[in-house]
Structure formats: C-alpha cells, structure tokens
Amino acid sequence: CSLGLFRSAFPARIRRLEERSFSPLAVRSYATAGRRRPEPDECSLRTPFQRDRDRIVHSKTFRRLKGKTQVFIAPQGDHFRTRMTHTLEVAGISRGVARALRLNEDLTEAVALGHDLGHPPFGHTGEEALDRCLKRLGSGFRHTEHSLRTGDVLEHDGAGLNRTAEVRAGILNHTGHVGQTDAKLVLRSL
C-alpha cells in the first residue's frame, strides 16, 4: 500500500533534507546517541526528536506548567504569566534561532518544551528558596536536574518518557551552569 512505501521512505527523505540544509554542527535526527531503553517500535513518520517533543507535550508534567506562576504580580488584569506561557514562548524563539543557524529545529523545540518541567512556582526565587531549605538537609535543588528527573522518573508511573540522550542533555544544560563532567554523571544517575 502507498502508506507503507511512504513510511519506509520517510527516514531516508529526512536524512537527505538534513544533509542539504543543516549546518555541519547540527545534530542529525537519525544520528541520536539513543534512548535509555531501546524501543522496538520507533515511529516511522516522526523523527526521534519529534517523538520526544510529543512525549513532553502530552506529559502530565508539561500540563502542570499552566498552574505555575512565572512571575508573581498583583492579581489585576488578565495577562498572567505562567510557566506554560513562558515555555511556549521559549520554544517559538528557539525554533527561530535554530532555523537561522541551520540547526535541528525539532531537537531545539523538544529541549525548549522540556527545559522548565521541574521548575517550582515563582521562578528562580522559588528555586532559590527550595535550594536554601534543602541545603539545610545536606542536599540542594537545581531546576535543571529536576526537569530531567520529572521526565525520566516521575512520568508513566516511574517508567519515564524515555527521551533521547540529546534532549536529556539539552534540558540538563539549558542554563549553562552544569559542567560537562557533572552533566554526564547526572545523566547516568537518572
């Protein structure tokens, strides 16, 4: 059937398009370092990064962003800032930047949509308050690590979203504060 031919031709078509249009520095959709668990039924009509994006958007953690405030303001007017509106704006800006730089827009969008899944309410002020409280207990709190943890551990009753290594690394390093060695340790531990 023609749909079967289309499905089998999709990955090759994407590879050709990316080779023609991407920067040499861009990550190719089918050159991913893989997932934490192999998946026998990779989707034939979406790239691995498109699949990650969809998993994030359909997750419970993503939907909870609509109830988290981005900035606490006096409750007047109808233009409230939530973590979800912030995340959607970041995703749009990220895709535009990736397009201009000839990078992988799907990878960039997946990272942008997942970048704040573990952020507490009240922005970085909330993060700093949690960090102070948890440091008294000998720990600490970084929203980057918690954003990774929510998708890797808390979703799907502990099974996680099983995102690609590139999306996970992008979420963990989106602030630039995590060193490469630290990132590898965190990625392995979760």
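Conventions used here
Residues numbered from 1 in each chain as written. Predicted model: local features only at pLDDT ≥ 70, side-chain atom pairs only at ≥ 80, totals over all residues. Heavy atoms only, no water. Helix = DSSP H or I, 4+ residues; strand = E, 2+ residues; numbered from the N terminus. Buried < 20%, exposed > 50% of the residue type's maximum accessible area, 1.4 Å probe, protein only. Areas by Shrake-Rupley, 256 points an atom, 1.4 Å probe, with all protein chains shown as cover. Axes fitted to C-alpha atoms, helices over the stretch in contact; angles between N-to-C directions. Parallel < 35°, antiparallel > 145°, perpendicular 65-115°, else oblique. Left-handed = near helix turned anticlockwise from the far one by under 90°. Contact = heavy atoms within 4.5 Å. Nonpolar A, V, L, I, M, F, W, Y, C, P; charged D, E, K, R; others polar. pLDDT = per-residue confidence, 0-100. Salt bridge = Lys/Arg side-chain N within 4 Å of Asp/Glu carboxyl O.

Thoughts on the overall build of the protein chain
So, point 1. Counting its secondary structure elements, the protein chain contains 9 helices and 0 strands.
So, point 2. Starting at the N terminus, the α and β elements of the protein chain follow one another as α-α-α-α-α-α-α-α-α.
So, point 3. The 190 residues of the protein chain split such that 43% are buried.
So, point 4. Working note: accessible area of the protein chain is about 11000 Å², and carbon and sulfur atoms make up 59% of it.

With respect to the packing of helix α4 (residues 83–101) against helix α5 (residues 105–114)
Packed helices, taken two at a time, are described by their axes: the angle between them and the distance between them.
So, point 1. Look at α4 against α5: their axes get within 8 Å of each other, and the N-to-C directions meet at 155 degrees. What the angle tells us is that α4 and α5 run roughly antiparallel. In terms of crossing hand, the pair formed by α4 and α5 is right-handed. Residue-level contacts link T87, L88, V90, A91, S94, R95, A98 and R99 of α4 to E105, D106, T108, E109, A112 and L113 of α5.
So, point 2. Here the contact of α4 with α5 is composed, by residue class, of 6 nonpolar, 3 polar and 5 charged.

Comments concerning the confidence of the model for the protein chain
So, point 1. Mean pLDDT over the protein chain: 85, with 83% of residues reaching 70 or higher.
So, point 2. When the criterion is pLDDT under 50, residues 185–190 qualifies, and its contacts beyond four places in sequence or with other chains add up to 13 contacts.

Structural notes on the packing of α5 against helix α8 (residues 165–172)
So, point 1. The contact between α5 and α8 brings their axes to 9 Å, and the two run at 45 degrees. Classed by the angle they form, the pair α5 and α8 counts as oblique. The hand of the α5/α8 crossing is right-handed. In contact with L107, A110, V111 and G114 of α5, α8 contributes E166, V167, G170 and I171.

Regarding the environment of D106
So, point 1. With respect to the helices and strands, D106 occurs in helix α5.
So, point 2. When the C-alpha positions of D106 and V167 are compared, they lie 9.8 Å apart, and in sequence the two are 61 residues distant.
So, point 3. Excluding its chain neighbours within four sequence positions, the residues that come into contact with D106 are T47, F49, Q50, R53 and R95.

Observations regarding the pattern of salt bridges
So, point 1. Under the counting rule described, the total for this entry stands at 19 salt bridges.
So, point 2. Note that R35 and D52 form a salt bridge whose closest N and O atoms lie 2.5 Å from each other. Placement of R35 in the loop between α1 (2–21) and α2 (48–57) and of D52 in helix α2 is noted, with a sequence separation of 17 residues between them. Of the two residues, R35 and D52, neither departs from the other in class, the shared state being buried.
So, point 3. Here E145 and R142 are joined by a salt bridge, their closest N and O atoms 2.7 Å apart.
So, point 4. On the basis of relative accessible area, E145 is assigned to the buried category, the value being 16%.
So, point 5. In the salt-bridge network here, residues are joined through shared partners; they are R46, R53, D54, R95, R99, E105, D106 and E109.

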